[in-house]
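Geometric and topological summary
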Amino acid sequence: MLLLMPKISKILLLAVSVVLVLTVFLGVNSSGVSAASAGQDGAYRQINVYTEVLRHIQTDYVTDPNINAVTNGALRGLLESLDADSSYLTPADYKTYKADKGGKAQAGINVSKRYGYATVVSVVPGSPAETSGLVDGDILEAIEGQDTRNISLAMIQRMLEGPAGSTLTVGVVRPSKAEPDKIAIRRSLTVVPPVQDALYENASILYLKPEILDHDHVQQVEAKLKGMQKAGNKKVLLDLRDVAAGDMTEATRLANLLLKSGTIATLEGQKFPKQVFSADPSKAIQPTVPVVVLVNRGTAGPAELVAAALLDNKRADVVGEKTFGEGTQQKTFELPDGAALILSVAKYEAPSGKKLQDDGVTPSVLVASGADEAAGVDEEAPAETATPAPAKKPSVQVDEQLTKALDLLKGKAA
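Per the secondary structure count, the protein chain includes 13 helices and 17 strands. Expressed as a percentage of the 414 residues in the protein chain, the buried residues total 46%. Look at the contacts in the protein chain between residues 6 or more apart in sequence, and 68% of them connect residues 24 or more apart. For the protein chain, the accessible surface area stands at approximately 20500 Å², while carbon and sulfur atoms represent 54% of it.

For the rest of this paragraph, the subject is the packing of helix 7 (residues 215–226) against helix 9 (residues 248–258). Put simply, helix 7 and helix 9 touch, their axes get as near as 9 Å, and they point 10° apart. Looking at the two axes, helix 7 sits roughly parallel to helix 9. Between helix 7 and helix 9, the contacting residues are His215, Val218, Gln219, Val221, Glu222 and Leu225 on the first element and Glu250, Arg253, Leu254, Leu257 and Leu258 on the second.

Confidence in the prediction of the protein chain, expressed as mean pLDDT, is 85, and 83% of residues score 70 or more. Contacts of residues 373–395 to residues separated by more than four positions or lying in other chains number 28 contacts, the stretch itself having pLDDT below 50.

Let's shift gears to the environment of Gly232. As for its placement among the helices and strands, Gly232 is situated in the loop between helix 8 (228–231) and strand 10 (235–239). Sequence separation between Gly232 and Asn202 is 30 residues, and the spatial gap between their C-alpha atoms is 9.1 Å. With near-sequence residues (within four places) excluded, Gly232 lies in contact with Ala203 and Ser204.

We now examine unusual backbone geometry. In terms of backbone geometry, most residues other than glycine have negative phi values and most peptide bonds are trans. Positive phi outside glycine occurs at Tyr115, with the angle close to 55°. Judged by its relative accessible area of 74%, Tyr115 falls in the exposed class. Backbone geometry places Asp242, a non-glycine residue, at a positive phi of 65°. Following the sequence through the fold, Asp242 ends up in the loop between strand 10 and helix 9.

The next subject is the environment of Lys104. Mapped onto the elements, Lys104 comes out in the loop between helix 4 (91–99) and strand 2 (109–114). Taking the C-alpha atoms as reference, Lys104 lies 6.0 Å from Pro163; in sequence the two are 59 residues apart.

The strand order 8-9-10-13-14-17 describes an open sheet built from six strands, whose pairing is mixed. If you trace the sheet from one side to the other, it starts and ends with strand 8 (196–200) and strand 17 (365–366), each paired once. Both strand 9 (residues 205–209) and strand 10 contribute to a ladder of four bridges, which runs parallel. Note on strand 10: the bridge partner recorded for Tyr207 is Leu237. Across the sheet, helix 13 (residues 400–410) is in contact with strand 8, strand 9, strand 10, strand 13 (291–295), strand 14 (317–320) and strand 17; its angle to strand 13 comes to roughly 170°.

Ranked by internal contacts, the top residues of the largest apolar core, which has 43 residues, are Leu213 and Val293. For this core, the secondary-structure elements that each account for two or more residues are strand 9, helix 7, strand 10, helix 9, strand 11 (263–268), strand 13, helix 10 (302–312) and strand 16 (340–349). Per-element accounting of this core gives the leading share, eight residues, to helix 10. Sequence-distant contacts of Val293, defined by excluding residues within four places in its chain, comprise Leu238, Leu240, Ala307, Leu310, Ala316, Asp317, Val318 and Val319. One finds Tyr94, Leu134, Ile183 and Ile342 within the second-largest nonpolar core, a separate group that totals 26 residues.

What follows covers the side chain of Lys235. Tracing the backbone through its elements, the reader meets Lys235 in strand 10. For the buried Lys235, which has no salt bridge, the nearest side chain bearing the opposite charge is Glu201, at an N-O separation of 7.1 Å. Within the structure, the side chain of Lys235 is placed 2.7 Å from the backbone oxygen of Leu409, a separation counted as a polar contact. Non-local contacts of Lys235, meaning those with residues more than four positions away in its chain, are made with Ser204, Ile205, Leu206, Met228, Pro290, Leu409, Lys410, Lys412 and Ala414.

For helix 3 (residues 67–80), spanning 14 residues, the distance from its first C-alpha to its last is 20 Å, which sits close to the expected 20 Å at 1.5 Å a residue. Those residues of helix 3 not exposed but buried are Ile67, Thr71, Leu75, Arg76 and Leu79.

In contact at an axis separation of 8 Å, helix 9 and helix 10 are set at 30° when each is read in the N-to-C sense. Comparing the axis directions of helix 9 and helix 10 gives the class roughly parallel. Classified by chirality, the crossing of helix 10 by helix 9 is right-handed. Of helix 10, the residues touching helix 9 (which contributes Met248, Ala251, Thr252, Leu254, Ala255 and Leu258) are Pro302, Leu305, Val306, Ala309 and Leu310. The class makeup of the residues in the contact of helix 9 with helix 10 is ten nonpolar, one polar and no charged.

About the criteria used
Residues numbered from 1 in each chain as written. Predicted model: local features only at pLDDT ≥ 70, side-chain atom pairs only at ≥ 80, totals over all residues. Heavy atoms only, no water. Helix = DSSP H or I, 4+ residues; strand = E, 2+ residues; numbered from the N terminus. Buried < 20%, exposed > 50% of the residue type's maximum accessible area, 1.4 Å probe, protein only. Contact = heavy atoms within 4.5 Å. Areas by Shrake-Rupley, 256 points an atom, 1.4 Å probe, with all protein chains shown as cover. Axes fitted to C-alpha atoms, helices over the stretch in contact; angles between N-to-C directions. Parallel < 35°, antiparallel > 145°, perpendicular 65-115°, else oblique. pLDDT = per-residue confidence, 0-100. Pairing = 2+ DSSP bridges. Core = buried A, V, L, I, M, F, W, Y, C linked by side-chain atoms within 4.5 Å. Lys, Arg positive; Asp, Glu negative; His and termini not counted. Salt bridge = Lys/Arg side-chain N within 4 Å of Asp/Glu carboxyl O. Polar contact = N/O pair within 3.5 Å; in protein donor to acceptor, adjacent residues only side chain to side chain. Expected span 1.5 Å × (residues − 1). Left-handed = near helix turned anticlockwise from the far one by under 90°. Nonpolar A, V, L, I, M, F, W, Y, C, P; charged D, E, K, R; others polar.

Spelled out as structure tokens, the structure:
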């Protein structure tokens, strides 16, 4: 019996750690445990199951396991089973997380988690990642030799940063290869370029392409919209392809520039007061000019909010591919042992009621990207397991999505 005491003590301590996590999830404090609902009682009953599983791992597994690693993995999995943006940070991870002051060199990748691995949402144009051959949808199996299944999203994002000129090594899963490709990326200090603009159809169509939806770039879009009449522009083509970074507040402001009335988005959670963001007529700059929005699978977060608002209010046609699906608000909960939870407490909804995180935005006009059309099938794989070949940018730069968007705008009366 004495020999079992250390193991049993470890199990009890780990069970207590799970209680702490569940307490944060359920919002139960020491004075409110007796008032827990049936659902909360069910969650706490699972602690007994968890304790029993730990006991068998500790006493019956083929070798004496690293129980701390087992528990960290279980807690990380608990958070990631909710959504891609929720994370569990160990005390060491959280210390690193808090110490990060930003301002570091970047690889130029916007990432999330899908299928347990880090996944490239979009690649910043002209960035080191693009130069190294990464594309939207690539799965990062490893970063610096560490399996991304075992790293929280918050820490993955920190690992992508580093000193200017330093090298980042990632393992990229390619469907046609048995082993991941090892790709070296030299980080650099990048400056996001200003909003790109171009004129089509004798200057009647104004093309706008922001790379990020932050205050500065939305301000640039606003200035260009204000100057439309003077420049003879009558229609707007807003290109949000591969736009995955920015701020939801600025995204709401951008949508309002083109909307005179209607709901832009809703933010709501279990214990998060419902917020409805409505268009303010006084802030609309071009509420009547014909608009088409371009999106693809690299469109995420703030850009999805804009596309959904314009689509659901029947203000614009949306052309391209179904978007990635991001749109949550997080809150950090510190735990007594120095660990922390980054938990999604609310989700953004489109005017239609669809949650951006769960559903993304489905265009009104679906057009595959050139990279998708160029993707083939791995002919060496058995028929039942054949997989698409890795997406590659087409050698002939034919932008079918842009062509379709322009055709739609040409047919609209100004």
